[in-house]
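Listed here are the chains, written in short residue letters.
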Amino acid sequence: MTCSDFLHAYSEYRDGLLRDPAAVTAVEAHLKGCPTCARLARAMAIGLSALRDTEDVAPSRRFRTELTHRLRAEVAIGDPIAPTHAGLAAALLLAAALGLLLYESVVRPEIAAVVRSEAIPVDTRPYAPALTDVTLPAFTHSALQFHSQQIPLGSYAAFTR
Amino acid sequence: MTIASAAPRPLGTAALTTLGDSEVVASYLAGERRAFDVLVDRYQRRLINFVYRTIGDRERAEDLVQEVFIRVHRHLHRFDQTKKFSTWIYTIASNLAKNELRNRSRNPLVLFQTIRKDSDQDSRPLQFEDRHTRPDDLFRKRHLRELVDWAVTRLPEHHRIVFVLRELEGKTYEEIAEITDCNLGTVKSRLNRARARFAQVIGPWMD
């Protein structure tokens with residue numbers, strides 16, 4: 001067994017998960033014969049043992065107080081928008097809107113008529129208007145000349161100086 | 001029999017503490033609000049230690065564990081009760097710890113805060129835990145503790161989480177695979193590399 005093979009198998013060996021007896025024997029034989037791997041295994045054993053002996057950190061006093069406040073805030077936010085309440089509120093709003101619409105069309109039919117007559121026509125064509133349908137402004141040589149005359153050459157020269 | 005007498009009687013807090021996690025969760029979902037406190041009592045210390053060992057900052061670990069409980073509270077109704085609650089809560093904690101480590105790698109200011117906190121701890125006088133132990137033994141013991149803590153922080157993020165779950169939380173390979181959403185082979189490989197790296201880091205101080 002090479003050192004690389006040993007490193008590959010040692011973790012499972014430590015956890016007792018190496019099932020093959022031949023592999024277990026090979027790991028143990030390498031451990032006896034290789035001082036470098038034996039040193040690494042020793043460091044691992046001492047280090048992991050020290051790590052497990054490390055004292056647990058206890059929650060501070062502020063931890064539980066703050067958590068309780070945050071949970072209360074969650075509950076306070078969560079309850080008013082419970083599905084049953086939200087659904088009831090939406091239904092009431094919808095009923096009010098429908099009632100208002102009905103009232104306007106029955107009690108004040110003249111307003112409803114004006115609204116109907118002034119409806120904005122909607123372009124229902126399923127395609128965008130082609131360029132040929134649009135009147136483009138004329139783009140002439142004289143127009144270009146007009147714009148070029150607006151910039152005096154002197155000011156351009158001053159800018160580039 | 002009246003309807004009132006047929007309704008289940010609420011359990012006392014003491015009775016709740018004797019229940020398993022899944023029963024406590026079921027009890028909370030049935031409307032027993034005190035059941036959530038039982039879950040917090042049961043997991044707060046374990047999670048704080050897990051997150052603290054992973055990120056190396058105690059105050060931040062407490063903030064993150066609070067966030068874990070907030071998320072549990074928010075999503076408990078969606079928790080698949082056929083699964084293990086501890087695996088679920090550790091998955092949430094592990095993801096938050098992972099995000100924290102990623103944010104830190106992008107934000108060197110946090111590293112500065114950690115360094116400052118460490119130097120504050122160093123200024124404390126040496127405390128004698130056991131009067132029967134010699135001071136040099138105490139010093140070596142404390143030095144070793146600090147050394148192994150430091151060695152954990154030297155591990156890459158994805159190795160560190162697997163390492164802490166195995167070595168400090170005692171999770172099985174299968175549980176770690178579920179918590180970290182990796183296959184068993186990846187868990188074995190990461191744990192193997194993490195242990196080897198850990199031993200390499202502390203090795204020079206062991207002689």
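Residues numbered from 1 in each chain as written. Chains lettered and ligands numbered in written order. Predicted model: local features only at pLDDT ≥ 70, side-chain atom pairs only at ≥ 80, totals over all residues. Heavy atoms only, no water.

### Some words on the confidence of the model for chain B
Residue and element names in this part refer to chain B. In this model, chain B carries a mean pLDDT of 81, and residues with pLDDT of at least 70 account for 77%. Confidence drops under a pLDDT of 50 for residues 1–7, and excluding neighbours within four residues, the segment shows one contact in the predicted structure. A low-confidence stretch, residues 115–131 stays under pLDDT 50, and its non-local contacts, those more than four residues away or across chains, total 11 contacts. Scoring the predicted complex yields pTM 0.66 and, for the interface, ipTM 0.73. (pLDDT = per-residue confidence, 0-100. Contact = heavy atoms within 4.5 Å.)

### Here's the deal with helix α9 (residues 157–167) of chain B
Structurally, the α-helix is built with 3.6 residues per turn, so residues lying three or four positions apart point the same way. Within α9(B), nine of the 11 residues are buried, which leaves it mostly tucked inside the rest of the structure. When α9(B) is considered as a whole, its buried residues turn out to be B:Glu157, B:His159, B:Arg160, B:Ile161, B:Val162, B:Phe163, B:Val164, B:Leu165 and B:Glu167. (Buried < 20%, exposed > 50% of the residue type's maximum accessible area, 1.4 Å probe, protein only. Helix = DSSP H or I, 4+ residues; strand = E, 2+ residues; numbered from the N terminus.)

### A few points about the nonpolar core
Nonpolar side chains in soluble globular proteins generally cluster together in the buried interior. All names here are of chain B. If you look at the biggest cluster of nonpolar residues, it comprises 74 residues, and the most contacted ones within it are Leu47, Val51, Phe69, Phe85, Ile89 and Phe198. The element that contributes the greatest number of residues to this core is helix α4 (residues 34–55), accounting for 12 residues. When neighbours within four sequence positions are excluded, valine 51 is seen to be in contact with Gly56, Ala61, Leu64, Val65, Ala93 and Ala97. (Core = buried A, V, L, I, M, F, W, Y, C linked by side-chain atoms within 4.5 Å.)

### Brief notes about the interface of chain A and chain B
Every contact between the two is made by 35 residues of chain A and, on the other side, 45 residues of chain B. Contact between chain A and chain B buries roughly 3800 Å² in total, counting both sides, with carbon and sulfur atoms accounting for 55%. Run the count over chain A and chain B and you get 20 residue pairs in polar contact (both at pLDDT 80 or more). Put simply, the parts of the chain that give the side of chain A that touches chain B at least two residues each are α1 (3–14), α3 (35–53) and α4 (61–78) of chain A. (Buried area = accessible area lost by both parts, 1.4 Å probe. Polar contact = N/O pair within 3.5 Å; in protein donor to acceptor, adjacent residues only side chain to side chain.)

### Thoughts on the packing of α1(A) against helix α11 (residues 184–206) of chain B
Closest axis-to-axis distance for the α1(A)/α11(B) pair is 9 Å, and the angle between their directions is 100°. It follows from the interaxial angle that α1(A) and α11(B) lie roughly perpendicular. From α1(A), A:Leu7, A:His8, A:Ser11, A:Glu12 and A:Arg14 reach across to α11(B), where they touch B:Lys188, B:Leu191, B:Asn192, B:Arg195 and B:Ala196. Along the lines of polarity and charge, the residues of the contact of α1(A) with α11(B) split into three nonpolar, three polar and four charged. (Axes fitted to C-alpha atoms, helices over the stretch in contact; angles between N-to-C directions. Parallel < 35°, antiparallel > 145°, perpendicular 65-115°, else oblique. Nonpolar A, V, L, I, M, F, W, Y, C, P; charged D, E, K, R; others polar.)

### Some thoughts on the packing of aromatic side chains
Residues and elements named next belong to chain B. For the structure shown, the criterion picks out nine aromatic pairs over all chains. With a centroid separation of 5.5 Å and 70° between ring planes, the pair formed by tyrosine 43 and phenylalanine 85 is classed as edge-to-face. Of this pair, tyrosine 43 sits in helix α4 while phenylalanine 85 sits in helix α6 (residues 85–106), placing them 42 residues apart in sequence. As far as burial versus exposure is concerned, tyrosine 43 and phenylalanine 85 are alike and both buried. Measuring from ring centre to ring centre gives 6.0 Å for phenylalanine 85 and tryptophan 88, while their planes differ by 55°; the resulting arrangement is tilted. Highlighted residues: phenylalanine 85 and tryptophan 88, both in helix α6, separated by three residues, approximately one helical turn. Judged by its relative accessible area of 2%, phenylalanine 85 falls in the buried class. Three or more aromatic residues joined by ring pairs form one cluster here, namely Tyr43, Phe79, Phe85 and Trp88. (Phe/Tyr/Trp six-rings, centres within 6.5 Å; stacked < 30°, edge-to-face > 60°.)

### Concerning empty space enclosed by the protein
Tallied over the full model, the rule gives one cavity of 30 Å³ or more. Lining the largest cavity are A:Leu7, A:Tyr10, A:Ser11, A:Leu40, A:Met44, B:Asn192 and B:Ala196. Within the residue set of the lining of the largest cavity, elements represented by two or more residues are α1 and α3 of chain A together with α11 of chain B. No other element matches α1(A), which puts three residues into the lining of the largest cavity. Residues of the lining of the largest cavity, tallied by class, amount to five nonpolar, two polar and no charged. (1 Å grid on protein atoms, 1.4 Å probe; cavity = no way out; pocket = protein on both sides within 12 Å on 5 of 7 lines; lining within 4 Å. Points joined across faces, edges and corners; volume = space filled by probe spheres on them.)

### Topic: unusual backbone geometry
Phi is positive for B:Asp181, close to 60°, though the residue is something other than glycine. When you line up the elements, B:Asp181 lands in the loop between α10 (173–180) and α11.

### Points about the packing of α4(B) against α9(B)
All names here are of chain B. At a minimum axis distance of 9 Å, the contact between α4 and α9 shows a crossing angle of 140°. By the criterion of interaxial angle, the relationship of α4 to α9 is oblique. Classified by chirality, the crossing of α9 by α4 is right-handed. Contacts between α4 and α9 involve Phe50, Arg53, Thr54 and Ile55 on the former and, on the latter, Arg160, Ile161, Val164 and Leu165. Taken together, the residues that form the contact of α4 with α9 break down as five nonpolar, one polar and two charged. (Left-handed = near helix turned anticlockwise from the far one by under 90°.)

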